[in-house]
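# Structural features, examined
Read off the chains here:
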Amino acid sequence: MAIKEIHLRDFEMATSDEEDSEDAAARLWKLMAEIDLLRKCTSNYIVQFFDSHMVTGGDGQSLEQLWIVMEYCDMGSVTDVMQASGGTLGPECVQEIAWCTLNALDYIHRVCTMIHRDVKPSNILLQRSGRCLLADFGVSASLISRDELRQTFVGTLPYMAPEIVGGQGYSSKVDIYGLGVSLIEILEGTTANHKLRKHSLMLKLLNGPALTLEEAERFDERLQLFLGATLEPNATLRSKIGR
C-alpha cells in the first residue's frame, strides 16, 4: 500500500486575501474530487483506492493531515522510469502503456462518465509485475452523459487538446489527445513543442500544424498512424476509443 499525505494547513480558508481563499478552496475541492472518484473506480487499469483517514495534531483535537491509502506502484511513474532508463522508452513499452491507458480511459469515460483531463507520463504508474495504472484524478470532471461538453480551462498545458486551449466545448476526446502527446514524450524524451513559451505554445496548438514525432522515420508506420489519429487537431475527426 501507499499513503498520500495531505497537510490540511495548505487548505486553510481563514485569510484576509479573498483570492488566496478562493485558491485554497479550489485545491481542497480538487482533493475531495479525487477521493470521491477513486472510491468509485474498480478497474484493473486504475490505481486502487483503499481508504482515507484524518490525522489529528498534538492536541488530539485539531485535524492536521488527511491520509489517502492507495495501491502501491513500486516502479513509480512512467516519468520516473524514463529518467532511470536514459530519458526514453522503446516502442514495445509504449505499446503496452498505450493499451493499458486506453483501457483505463475507456472505463472512466464509459462506466464513470468522467474525463481525466490531465493524462501525462507522471500520472501513469507502473508495477514490476507489468501492470500500468492511471492515477491522479484531481482535475477530472463528471459528465451527465457521454456526449456532454465541458468548458473549463484545466489540465497541464503541453498535454492540452486544442479545443481546451481555444475555450471551446470539449469531450472525453481531450484524454485521447493527452495520451498522444504523452506517447511522443515517452518515445523522444521531451514534450512536443517543449522549447516554446506558454503564449507561443497556445498559438501553435490553436493554429496547427498537428503534433508529430520529430524523427518519425525511426518508428513503425503503424505507430505513426496511431499517433496521428490521437493528435488530430479537429476533435470531431479525432479517433475515439474502440475505433
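Just above sits the structure.
On a predicted model such as this, the values are computed, not experimentally measured, just so you know.

Moving on: the sheet that holds strand S1 (residues 2-7). Ordered in space as S1-S3-S2, the three strands form an open sheet in which the pairing is antiparallel. The sheet is open, and its two edges are formed by S1 and strand S2 (49-56), each paired on a single side. Each neighbouring strand pair of the sheet contributes to a mean axis angle of 20°, computed without reference to strand direction. Of the strand pairs in this sheet, S1 and strand S3 (residues 63-70) are connected by six bridges, and their pairing is antiparallel. If you follow Ile-3 over to S3, its bridge partner there is Val-69.

Right, let's get into helix H7 (residues 221-230). Note: α-helices contain 3.6 residues per turn, so residues at a spacing of three or four share the same orientation. Taken as a whole, H7 has its buried residues at Leu-223, Leu-227 and Thr-230. Along the axis of H7, the buried residues cluster in a sector spanning 60°; they form a single face. Away from its buried face by more than 90 degrees, H7 exposes Glu-221, Arg-222 and Leu-225. For H7, the elements touching its buried residues are helix H5 (173-188). Where H7 begins, the capping side chain belongs to Asp-220, and its oxygen is found 2.7 Å from the backbone nitrogen of Arg-222.

Side-chain pairs of opposite charge can arise whenever the charged atoms involved come near each other. Evaluation of the coordinates by the stated rule reveals seven salt bridges. Among the salt bridges present, the one from Arg-128 reaches Asp-74, with a minimum N-O distance of 3.8 Å. With a gap of 54 residues between them, Arg-128 in the loop between strand S5 (124-126) and strand S6 (132-134) and Asp-74 in the loop between S3 and helix H2 (78-84) connect regions that are remote in the sequence. Its relative accessible area of 31% is what places Asp-74 among the partly exposed residues. Between Asp-220 and Arg-222 there is a salt bridge whose closest N-O contact spans 3.1 Å.

Residues Gly-208 and Pro-209 are joined by a peptide bond in cis, for which omega reads 0°. If you trace the backbone, Pro-209 turns up in the loop between helix H6 (198-207) and H7. Unlike most non-glycine residues, Thr-113 shows phi in positive territory, near 45°. Mapped onto the fold, Thr-113 is located in the loop between helix H3 (91-110) and strand S4 (114-115). Here Thr-113 falls in the partly exposed class, since its relative accessible area comes to 21%. The phi angle at Arg-117 is positive, at roughly 75°, despite the residue not being glycine.

For the rest of this paragraph, the subject is the nonpolar core. By size, the foremost hydrophobic cluster in this structure holds 64 residues, and its most contacted members are Ile-68, Val-78, Ile-97, Leu-183 and Ile-186. Excluding residues within four positions of it along the chain, Val-78 makes contact with Leu-89, Ile-97, Pro-121, Ile-124, Leu-126 and Ile-186.

Contact geometry for H5 and H7: axes closest at 8 Å, N-to-C directions at 140°. In terms of their interaxial angle, H5 and H7 are classed as oblique. Helix-helix and strand crossings are classified by hand; for H5 and H7 the assignment is left-handed. Counting all contacts with H5, which are made through Ile-176, Tyr-177, Gly-180, Leu-183, Ile-184 and Leu-187, the residues of H7 involved are Leu-223, Phe-226, Leu-227 and Thr-230. Split by residue class, the contact of H5 with H7 holds eight nonpolar, two polar and no charged.

What follows deals with the packing of H3 against H5. Closest axis-to-axis distance for the H3/H5 pair is 11 Å, and the angle between their directions is 165°. Taken together, the axes of H3 and H5 lie roughly antiparallel to each other. Considering the relative orientation of H3 and H5, their crossing is right-handed. In this structure, H3 contributes Pro-91, Val-94, Ile-97, Ala-98, Thr-101, Leu-102, Leu-105, Ile-108 and His-109 to the contact, and H5 contributes Asp-175, Ile-176, Leu-179, Leu-183, Ile-186 and Leu-187. Considering only residue class, the contact of H3 with H5 consists of 12 nonpolar, two polar and one charged.

Each value, and the rule that gives it
Residues numbered from 1 in each chain as written. Predicted model: local features only at pLDDT ≥ 70, side-chain atom pairs only at ≥ 80, totals over all residues. Heavy atoms only, no water. Pairing = 2+ DSSP bridges. Helix = DSSP H or I, 4+ residues; strand = E, 2+ residues; numbered from the N terminus. Axes fitted to C-alpha atoms, helices over the stretch in contact; angles between N-to-C directions. Buried < 20%, exposed > 50% of the residue type's maximum accessible area, 1.4 Å probe, protein only. Arc of directions from axis to C-beta. Contact = heavy atoms within 4.5 Å. Polar contact = N/O pair within 3.5 Å; in protein donor to acceptor, adjacent residues only side chain to side chain. Salt bridge = Lys/Arg side-chain N within 4 Å of Asp/Glu carboxyl O. Core = buried A, V, L, I, M, F, W, Y, C linked by side-chain atoms within 4.5 Å. Parallel < 35°, antiparallel > 145°, perpendicular 65-115°, else oblique. Left-handed = near helix turned anticlockwise from the far one by under 90°. Nonpolar A, V, L, I, M, F, W, Y, C, P; charged D, E, K, R; others polar.

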